[in-house]
Protein chains: 2
Amino acid sequence: MNILIVLAHPERQSLNGALVDIAARELGSLGHEVRLSDLYRMEWKATVDRADFPHQTTGEPFNVAASSAQAYKSGELTEDVKEEQEKLLWADAVIFQFPLWWFSAPAILKGWIERVFSAGFAYGTGKSYGDGSMKGKRAMLSVTIGGTEHDYAARGICGPIEDLLFPLTHGTLFYTGFATLPSFLVYNADRLEDYGEGFPAVVDRFRERLATLETTPPIAFRSAASGDYDPKTRELRPGLEEAHAHGFNLHIKKLS
Amino acid sequence: MNILIVLAHPERQSLNGALVDIAARELGSLGHEVRLSDLYRMEWKATVDRADFPHQTTGEPFNVAASSAQAYKSGELTEDVKEEQEKLLWADAVIFQFPLWWFSAPAILKGWIERVFSAGFAYGTGKSYGDGSMKGKRAMLSVTIGGTEHDYAARGICGPIEDLLFPLTHGTLFYTGFATLPSFLVYNADRLEDYGEGFPAVVDRFRERLATLETTPPIAFRSAASGDYDPKTRELRPGLEEAHAHGFNLHIKKLS
């Protein structure tokens, strides 16, 4: 497979950096092609603004969706955005490696999504939730977390980790057509040796996930085209959910 | 009250810009002091990196939490961050005005949180979830949303809006001590006149929320100090939740 790794961490000599090195080596040894977008090293522009559309000189108020749709259609997105879109189209699978900051992705990664997932390319295409330009590709979040597994358990004080990541796994990745794999999670990331599972155990778990990247069943999110949603309201039809499903879980066909 | 408005939208001539103008006028006429952080106009630096800590010249790998704790303690955070922290300390209430992009806040606002909510100031203080430096202050998200109310209903395809905003309302605001009010939401934001409720109705609803900013009951999140959580695991003790609570809702004492 062709595999793109997107790294969002300011320090290459970090757990996140080490995991990316392991992934590149492991995936390479399995015969895959690997490319890396190291957002901090690339000094990725995190903010979408009018400067992203230098060819547009209208006096109209700036509208991100309208401008990005027009620039995508006319091939006038900025080169940095085009390069990332080209990498996405090249990839069969994408791994996002980042630390959980304030219960979501670092701003630099959020800004990569806002600029690269442009209108016409990733949204505003009439296709969403299981369909779209990323259809046929796989994606996996690989997330380091300062807190404990208890903090993010079903009753943990921070909320369940799968729910905290839902805006990414479902709203961003599945929305654009990716098959989203269960996330790879490392807890106690700042104190792995003293309180966590230890680095060697993390590496073992990660290598297992990398080796099964092609075969791991994705999260069974319901597609927009499945017929599970009322076509008028886009609400889930009554009675389809599993007995213990609730909230975000309603949108998963079969809970593990 | 002293009220800080944080605006994250690239175009001042927009619905978000109009809501900020209405808020400033309305709150002023009610006798409040208002200050504005217009992040795009300020060209806010969205990415936390080593450049944020110019006084630190160690050859050590860069660690955001360690560097920001040290810089906060020694008064060596950058001026832009210090100014925002000063505004937060001044404020009795903070309104965050932004469009929902990819089911969360724009990157520029996420980056404002990552840089301004520094270690020692907003986390790593031994206090969290209902306690901390923002204790006694109120906060409200005011969010414009492209989709319909159905999309974000309990069974809507995007997931319930309160759950999508939980990393902000609970994980960011309540975590640092704010009393978080129910969010002000505008659906069909790009087609208010044709499909939405229309601008005058939005203004009426918003003015009502502004007028009751001091008195609206906050979301009844459980505080870390409430005794509701097992002190060892920080998981919610069994049997405390309301009958229909689940997922993130477990952390709300009384569901509305």
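Counting restarts for each chain, with residues numbered from 1 along the sequence as it is written. To label them, take the chains in the order written and letter them from A, then take the ligands in the order written and number them from 1. The predicted origin of the model limits local features to residues at a pLDDT of at least 70 and limits the giving and counting of side-chain atom pairs to 80 or more, whereas totals for whole chains, interfaces and linings rest on all residues. Side-chain metrics in this entry use all non-hydrogen atoms of the structure; hydrogen atoms and water are not considered.

1. Quick word on the UniProt feature "domain: Flavodoxin-like fold" (unreviewed entry) in chain A
Within this numbering scheme, the UniProt entry marks residues 1-209 of chain A as carrying the feature "domain: Flavodoxin-like fold" (unreviewed entry). With 34% helix and 15% strand, the stretch residues 1-209 of chain A has end C-alpha atoms that lie 15 Å from each other. UniProt positions are given in the numbering used here, feature names are shortened, and annotations may be inferred rather than shown by experiment. Secondary structure elements follow DSSP: runs of H or I no shorter than four residues count as helices, runs of E no shorter than two count as strands, and numbering proceeds from the N terminus.

2. Some words on the layout of surface pockets
Taken as a whole, the second largest pocket holds about 1300 Å³ of empty space. Only protein atoms enter the 1 Å grid used here, on which a cavity is any set of points holding a 1.4 Å probe that cannot leave and a pocket is any open set flanked by protein within 12 Å on both sides along at least five of seven lines; residues with an atom within 4 Å of a point are listed as lining. Taken together, 46 residues form the lining of the second largest pocket, with A:Ala65, A:Tyr123, B:Leu100, B:Gly146 and B:Asp190 sitting closest to its centre. Taken together, the elements giving at least two residues each to the lining of the second largest pocket come down to helix 2 (64-73) of chain A together with helix 1 (15-29) of chain B. No other element matches the three residues that helix 2 of chain A contributes to the lining of the second largest pocket. Gly is placed with the polar residues, together with every amino acid not listed as nonpolar (Ala, Val, Leu, Ile, Met, Phe, Trp, Tyr, Cys and Pro) or charged (Asp, Glu, Lys and Arg). Across the lining of the second largest pocket, the residue classes tally to 24 nonpolar, 14 polar and eight charged. Grid points are joined across faces, edges and corners, and a volume is the space filled by probe spheres set on the points.

3. Some thoughts on empty space enclosed by the protein
Counted according to the given criterion, the structure contains five cavities of 30 Å³ or more. Taken as a whole, the largest cavity encloses approximately 230 Å³ of empty space. Together, 18 residues line the largest cavity, and A:Ser104, A:Ala105, B:Ser104, B:Ala105 and B:Lys110 are the ones closest to its centre. The set of elements that each furnish at least two residues to the lining of the largest cavity consists of helix 6 (166-174) of chain A together with helix 4 (107-116) and helix 6 (166-174) of chain B.

4. With respect to the relation of the copies chain A and chain B
Here the copies are superposed with least squares, the fitted atoms being C-alpha atoms of residues at a pLDDT of at least 70 in both. Superposing chain A onto chain B takes a rotation of 180° combined with a translation of 0.0 Å along the rotation axis, leaving an RMSD of 0.0 Å. Here the two chains are linked by the operation of a two-fold rotation axis. Residue A:Ala107 of chain A places its C-alpha closer to the rotation axis than any other residue of that unit, at 2.4 Å. The contact criterion used is simple: two residues touch if any of their non-hydrogen atoms lie within 4.5 Å. Same-surface contact between copies: 100% of interface residues of chain A are shared with the interface of chain B.

5. As for the interface of chain A and chain B
Contact with chain A, which involves 62 residues of that partner, is made by 62 residues of chain B. In this description, buried area is defined as the sum, over both parts, of the accessible area (probe of 1.4 Å) that is lost when the two are combined. Both sides of the chain A and chain B interface together cover about 5000 Å² of buried area, and 62% of this is carbon and sulfur. Looking only at chain A, the three residues that lose the most surface to chain B are A:Trp102, A:Arg155 and A:Ile157, adding up to 20% of its buried area. In what follows, salt bridge is the name for a side-chain nitrogen of Lys or Arg lying within 4 Å of a carboxyl oxygen of Asp or Glu. Note that A:Glu11 and B:Arg50 form a salt bridge whose closest N and O atoms lie 3.2 Å from each other. The term polar contact refers here to a pair of N or O atoms within 3.5 Å; inside protein, the definition further demands a hydrogen-donor-capable atom paired with an acceptor-capable atom, and it admits residues adjacent in sequence only when both atoms are side-chain atoms. Here chain A and chain B share 29 residue pairs in polar contact (both at pLDDT 80 or more) between them. Residue assignment for the side of chain A that touches chain B shows that the elements contributing at least two residues are helix 4 (107-116), helix 5 (161-164) and helix 6 of chain A. Among the elements that line the side of chain A that touches chain B, the one with the most residues is helix 4 of chain A, at six residues.

6. A short note on the environment of A:Glu43
The topology assignment puts A:Glu43 in the loop between strand 2 (33-38) and helix 2. Burial here depends on accessible area, computed with a 1.4 Å probe over protein chains only, as a share of the maximum for the residue type. Under 20% is buried, over 50% is exposed, and the range in between is partly exposed. For A:Glu43, a relative accessible area of 69% puts it in the exposed group.

7. Quick word on helix 6 of chain A
In terms of burial, helix 6 of chain A is a largely internal element, nine of the nine residues being buried. Considered for burial, the residues of helix 6 of chain A that qualify are A:Phe166, A:Pro167, A:Leu168, A:Thr169, A:His170, A:Gly171, A:Thr172, A:Leu173 and A:Phe174. For helix 6 of chain A, the secondary structure elements touched by its buried residues are strand 3 (93-99), helix 4, strand 4 (138-144), helix 5 and strand 5 (179-180) of chain A together with helix 5 (161-164) of chain B.

8. Some words on the environment of A:Gln56
Residue and element names in this part refer to chain A. In this structure, glutamine 56 sits in the loop between strand 2 and helix 2. Sequence separation of glutamine 56 and tyrosine 175 is 119 residues, and the distance between their C-alpha atoms is 28 Å. Leaving out residues up to four positions away in the same chain, glutamine 56 has contacts with Ser67, Gln70 and Ala71. Only 2.8 Å separates the side chain of glutamine 56 from the side chain of serine 67, close enough to count as a polar contact.

9. So, the packing of helix 4 of chain A against helix 4 of chain B
Structural elements are reduced to axes, namely lines fitted to C-alpha atoms, with helices fitted over the stretch in contact, and the angle between N-to-C directions of any two is expressed from 0 to 180 degrees. Contact geometry for helix 4 of chain A and helix 4 of chain B: axes closest at 8 Å, N-to-C directions at 180°. The angle between helix 4 of chain A and helix 4 of chain B places the two elements in the roughly antiparallel class. Across the interface between the two elements, A:Ala107, A:Lys110, A:Gly111 and A:Glu114 of helix 4 of chain A pack against B:Ala107, B:Lys110, B:Gly111 and B:Glu114 of helix 4 of chain B. Considered class by class, the residues forming the contact of helix 4 of chain A with helix 4 of chain B number two nonpolar, two polar and four charged. Oblique is the label for every angle not falling under 35 degrees (roughly parallel), over 145 degrees (roughly antiparallel), or within 65 to 115 degrees (roughly perpendicular).

10. Things to note about the domain arrangement of chain A
Residues and elements named next belong to chain A. An automatic or database domain assignment supplies the residue ranges for each domain. Structurally, chain A comprises domain 1 (2-218) and domain 2 (222-256). In total, about 590 Å² of surface goes out of reach between domain 1 and domain 2, with carbon and sulfur atoms giving 64% of it. In terms of surface lost to domain 2, no three residues of domain 1 exceed Tyr129, Asp163 and Phe166, which account for 64% of the buried area on that side. Our enumeration of links across domain 1 and domain 2 arrives at zero salt bridges. On the surface where domain 1 and domain 2 come into contact, there are one residue pair in polar contact (both at pLDDT 80 or more). With three residues, helix 6 is the largest single contributor of residues to the side of domain 1 that touches domain 2.

11. Brief notes about unusual backbone geometry
With phi around 50°, A:Glu43 is a residue other than glycine that occupies positive phi space. For A:Phe103, which is not a glycine, the phi torsion comes out positive at approximately 65°.

12. Quick notes on the packing of aromatic side chains
When we look at a pair of aromatic rings, we describe it by the centre distance and by the angle of the planes. A pair of aromatic rings is counted whenever rings of Phe, Tyr or Trp (Trp by its six-membered ring) have centres within 6.5 Å, and the orientation is called stacked for planes under 30 degrees apart, edge-to-face for over 60 and tilted otherwise. Inspection of the entire model under this criterion finds 33 aromatic pairs over all chains. A centroid spacing of 5.6 Å and a plane angle of 90° characterise the contact between A:Trp102 and B:Tyr175, whose relative ring orientation is edge-to-face. Of this pair, A:Trp102 sits in the loop between strand 3 and helix 4 while B:Tyr175 sits in the loop between helix 6 and strand 5 (179-180), placing the two residues on different chains. A residue is classified by how much of its surface remains accessible, and B:Tyr175, at 16% relative accessible area, is buried. Think of it as a cone above the ring: NZ of Lys or CZ of Arg counts as a charge over the ring if it is within 6 Å of the ring centre and within 35 degrees of the ring normal. Its guanidinium or amino end placed over the ring of B:Trp90, B:Arg35 lies 5.1 Å from that ring's centre, counting from NZ or CZ. Its guanidinium or amino end placed over the ring of B:Trp44, B:Arg115 lies 4.8 Å from that ring's centre, counting from NZ or CZ.

13. A look at the nonpolar core
As used here, the term nonpolar core means buried Ala, Val, Leu, Ile, Met, Phe, Trp, Tyr and Cys residues forming a set that is joined through side-chain atoms within 4.5 Å. A:Leu88, A:Phe96, A:Trp112, B:Leu88, B:Phe96 and B:Trp112 are the most contacted members of the largest nonpolar core, which totals 118 residues. Dropping the residues within four chain positions of it, B:Leu88 is found in contact with B:Leu4, B:Val94, B:Trp112, B:Val116, B:Phe117, B:Phe121, B:Met134, B:Lys137 and B:Phe178.

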